[in-house]
Each structure stands twice: as C-alpha cells, then as structure tokens.
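Notes for the structure review
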Amino acid sequence: MVENHEVELSEAEAEQYDRQIRLWGLESQKRLRASKILIIGLSGLGAETAKNIILSGVKSVCLLDNEKLKEIDLYSQFLAPSDKIGENRAEASLQRAKALNPMVDITTETKAIDDLPDSFFTNFDIVCATGLKQEQLERINNICRDNNKKFLCGDVWGMFGYMFADLVDHEYSEEIVQHKAVKRGPDDTEKNARETVSITVKRRAIYVPLQNALSADWTKPELRSRLRRGDPSYFVMKILLRFRDEYNRNPDPAKRKADTEILLRMRDELVKELSLPVGYISDALLTDVFGIVSGAAAVVGGVIGQEVVKAMSQREPPHNNMFFFNPVKCVGFVELYGQ
C-alpha cells in the first residue's frame, strides 16, 4: 500500500490535477503523487502505458529498455522521434516523456532484465512489464509478491493484446449508489419519495501470481465450461508467449509466411495438449499478429494505465486478473484464471 501521509500537493499540482481530484478525491491523488512506477519495454504498448501513467500525476516513472530503436517501432512508438533510430529506446523516449508532465520525475535504465538484481525491482510500488519472456515475467512477478509490490504485464501482437494484473492482497474503496426513502411533506399522509445517495464501501481483492494464471487446469469442469463461450484469446496469448520463448523474438513481418506456419503448428500442439475442440483457435487470429498496431496498443495501454491509477489510488474495483482484446470480434473483456 502506498503511504501518502507526508505528501502535500503544491498549488501548481492542485491546479494541474484539479479534474482528477474532483473525480476521485484528494487522498487518492496524494497516493498517486507518492507512487513510484517502473515501466519495462518501450515498444508502442510501453509508450502508451507510460503516457497514461505520467499524465495521472505519479511521483516518478522509470523507463527500462535495453533495445535499440528500430524503424518498425515508429509505427506505434510516439515517444521516440525518427532521428533517434539506433539509440537506446528508453533514452530516445525520455525527452518527450518528460514534456508530457514536468511534475513527474522520469528516469531511464538501459540494462537488460537478466543483468538486474532482485533488489532493483523492489524500489518501485508497481512494475509494468511488456515484451518479456514468460520466465522473466514470472521472476519479476515473484519478486514483487515477496515484497508486497504490485505487478502488471501485457503485450500487443498485431491487433491482439492482453494484460495480466497481480495486486497481491489489495484493499480499495468503491462508491455504491443506494436509494433512500424520503418524505415529501411534513405529515404522514404524503407519499414517500426516493432519492439516490452515494456511500463509500471498503473492499478487498486477492490475486494469484502469473504462473498460476498461465498454468490453469483445463480439465476442471468450471474451466471447460468457458470453452462454450467461444473466445480463444487466453490460448492465443499462450501461443504467442511460447513463440517468444522458443525464438527469442516476436513474429516478424519480414518472415510472415514462415512464422505463420510456426504459429499454426504451435496452435495444433496446444489444442492437443489441452484437449481443446478442433478449430477452436481460428487461423485468422494467428495470421494478424505481426508488428504492433497503434490502435491496439492504445487500447491495451489505456487499460494498463487505468489499472495502475486504480491500484495506486485505491479507488474503484481493479481488474482481476486478465484483460484481452480480441481483434476478430473487436471486443475487450476481463476473465479470472488460476483460482
């Protein structure tokens, strides 16, 4: 939980965040103002996530990326200018990131994830990870859980995207609208009227680690029943994470034909492993997962940014624990896995 006892907003901050203060209250904004955020991976999704978090008014944001900016990044990565191609992607994004909100302290880290000690990740209240292998995601998630830090991760492949959240043991407040009976007149002969009142309710949400969500037991009846809903997004995510783990990269637009064949083979293997219905994961979902489409990055980055704000401000129910954006159906939805 972020402590905000010593945080006081300056007049400039109160003016800057006036709309947000009126939206979710001064105490919630103070919690945000005390929050330190780590964003891993400055792809198009990382840029969208960074933008939303920086504009919310947190204390600090660290942009971590050890990769070089490539031409293909420019199709969705708006924080890095084109003349920075070949430079570190986090450092190339720094100037525009700072310009979004000068009141937020923004720094960069250019070391590879595997070269950073566990203690590095404990310096932050919440970690948002993109573009990593499953083993790396699980390592960081476990470090965060062991130190009671919050963790989110996500990715966008083409138009498909997902987000996972592990807020450990999360307490938050929620406004509930109730209807209250009131008398219209001073005597008992008047009929009762009803008015709406808002009350604040304290709630609690328990999360599971990423490894639990990714190893859900699909032999259980409650999970098998989900197959009847007909959305295969969870399995598409698993296929794409498996591709990255095996080939140390994402599907490459320059190798579209060969990589599509690999993805379809992995699809067939997963269908057999989990005894899924034949044809459940359509070819269409795996033939348009190349590069990062800026629109999908905006959707998923917006969701991640929103969940960070809710988690840090402790206002409103957060997603528990997965969000998917299915481009074939053009719909986003939340589901719980691993419990």
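The written sequence of each chain sets the order in which its residues are numbered from 1. Residues qualify for local features only when their pLDDT is at least 70, as the model is predicted, and side-chain atom pairs are given and counted only at 80 or more; totals for whole chains, interfaces and linings, by contrast, use all residues. With hydrogens and water set aside, each side-chain value is computed from the structure's full complement of heavy atoms.

Looking up the chain in an unreviewed UniProt entry gives the name SUMO-activating enzyme subunit 1, with the organism given as Iphiclides podalirius. In the Subcellular location (unreviewed entry) part of its UniProt record, the chain is described as follows: "Nucleus". Taken from UniProt, the Sequence similarities (unreviewed entry) comment for the chain reads in full: "Belongs to the ubiquitin-activating E1 family." UniProt positions are given in the numbering used here, feature names are shortened, and annotations may be inferred rather than shown by experiment.

Take the overall build of the chain next. Counting from the N terminus, the helices are DSSP H or I runs at least four residues long and the strands are E runs at least two residues long. Each helix and strand counted, the chain has 13 helices and 10 strands in total. Every radius of gyration here is taken over C-alpha atoms, with the globule rule written as 2.2 Å times N^0.38, N being the number of residues. Its C-alpha radius of gyration of 22 Å places the chain within 12% of the 20 Å reference for a compact globule of 339 residues. Each principal axis of the C-alpha distribution contributes one length, and for the chain these read about 80 × 50 × 35 Å. Partly exposed residues are those whose accessible area sits between 20% and 50% of the maximum for their type, while under 20% is buried and over 50% is exposed, using a 1.4 Å probe and protein chains only. A total of 339 residues make up the chain; the buried ones form 51% of that total. A separation threshold of at least 6 residues defines the contact pool for the chain, and within that pool the share at least 24 residues apart is 66%. By definition in these notes, contact holds between two residues if any of their heavy atoms fall within 4.5 Å.

The subject of this paragraph is the pattern of salt bridges. Take a side-chain nitrogen of Lys or Arg and a carboxyl oxygen of Asp or Glu: if they are within 4 Å of each other, that pair is a salt bridge. Inspection of the entire model under this criterion finds 20 salt bridges. The residue Asp-118 makes a salt bridge to Arg-139 at a minimum N-O spacing of 2.8 Å. Here Asp-118 is found in helix α6 (residues 118–121), whereas its partner Arg-139 is found in helix α7 (residues 134–146), with 21 residues between them in sequence. Residue Arg-139 is classed as partly exposed on the basis of its relative accessible area, which comes to 24%. Between Arg-249 and Asp-259 there is a salt bridge, and its shortest N-O distance comes to 2.8 Å. Residue Arg-249 is found in the loop between α10 (233–247) and α11 (256–273), and its partner Asp-259 is found in helix α11; the two are separated by 10 residues along the sequence.

Time to look at the packing of aromatic side chains. For Phe, Tyr and Trp, where Trp contributes only its six-membered ring, two rings pair if their centres lie within 6.5 Å, and the inter-plane angle classes them as stacked under 30 degrees, edge-to-face over 60, or tilted in between. Following the criterion strictly, the structure yields 13 aromatic pairs and no others. Centre to centre, the rings of Phe-120 and Phe-124 are 5.5 Å apart; their planes meet at 65 degrees, and the pair counts as edge-to-face. The exposure class assigned to Phe-120 is buried, which follows from its relative accessible area of 13%. Seen from their ring centres, Trp-218 and Tyr-234 are 5.5 Å apart, and the 50 degrees between their planes marks the pair as tilted. With Trp-218 in the loop between α8 (210–214) and α9 (221–224) and Tyr-234 in helix α10, the pair connects residues that are 16 residues apart, well separated along the chain. Both residues of the pair, Trp-218 and Tyr-234, count as buried. The rings of Trp-218, Tyr-234, Phe-235, Tyr-280, Phe-324, Phe-333 and Tyr-337 are connected pair by pair, giving a single aromatic cluster. Looking at Arg-226, its charged tip hangs above the ring of Tyr-337, at a distance of 4.6 Å from the centre. A ring is scored as having a charge over it whenever the NZ atom of a lysine or the CZ atom of an arginine sits within 6 Å of its centre and within 35 degrees of its normal.

Looking now at the packing of helix α3 (residues 26–33) against helix α13 (residues 294–313). Here an angle of 0 to 180 degrees is reported between the N-to-C directions of two axes, which are lines fitted to C-alpha atoms, with helices fitted over the stretch in contact. Between α3 and α13, the least distance of the axes is 8 Å, while the angle of their chain directions is 110 degrees. Our classification of the angle between α3 and α13 gives roughly perpendicular. Of the residues in α13, those touching α3 at Ser-28, Arg-31 and Leu-32 are Val-309, Met-312 and Ser-313. For this scheme, ten residues count as nonpolar: Ala, Val, Leu, Ile, Met, Phe, Trp, Tyr, Cys and Pro. Four count as charged, namely Asp, Glu, Lys and Arg, and the remainder, Gly too, count as polar. By residue class, the composition of the contact of α3 with α13 is three nonpolar, two polar and one charged. For classification purposes, an angle smaller than 35 degrees is called roughly parallel, one larger than 145 roughly antiparallel, one from 65 to 115 roughly perpendicular, and anything else oblique.

This part is about the side chain of Asn-326. As for its position among the elements, Asn-326 is in strand β9 (residues 322–326). Classification of Asn-326 by relative accessible area gives buried; the value is 1%. Nitrogen and oxygen atoms within 3.5 Å of one another constitute a polar contact, given that in protein one can donate a hydrogen and the other can accept it, and given that sequence-neighbouring residues count only through two side-chain atoms. A polar side-chain atom of Asn-326 sits 3.0 Å from a polar atom in the side chain of Asp-231. Reaching out from Asn-326, the side chain makes a polar contact with the backbone nitrogen of Val-328 at a distance of 2.9 Å. Those residues in contact with Asn-326 that lie beyond four places of it in its chain are Asp-231, Pro-232, Ser-233, Leu-285 and Val-331.

Should DSSP find at least two bridges between two strands, the strands are regarded as paired. Here eight strands make up an open sheet; going across it, the order is β3-β2-β1-β4-β5-β6-β9-β10 and the pairing mixed. Whereas interior strands pair on both sides, the edge strands pair on one side only; in this sheet they are β3 (105–109) and β10 (331–335). Each strand axis lies, on average, 15 degrees off the axis of its neighbour in the sheet, ignoring direction. Two strands pair when backbone bridges link them, and strand β1 (residues 36–40) and strand β4 (residues 126–130) are joined in this way by four bridges, in the parallel orientation. Note on β4: the bridge partner recorded for Ile-37 is Ile-126. Those strands touched by α13 are β1, β4, β5 (150–157), β6 (160–166) and β9, and its axis lies near 175 degrees from that of β5.

Its place among the elements puts Lys-238 in helix α10. Separated by 24 residues in the primary sequence, Lys-238 and Leu-214 place their C-alpha atoms 7.5 Å from one another. From its side chain, Lys-238 meets the backbone oxygen of Leu-214 in a polar contact 2.7 Å long.

As for its placement among the helices and strands, Gln-134 is situated in helix α7. Judged by its relative accessible area of 22%, Gln-134 falls in the partly exposed class. It is 22 Å that separates the C-alpha atoms of Gln-134 and Thr-219, two residues lying 85 residues apart in sequence. Apart from the residues lying within four places of it in its own chain, the contact partners of Gln-134 are Leu-214, Leu-241 and Asp-245.

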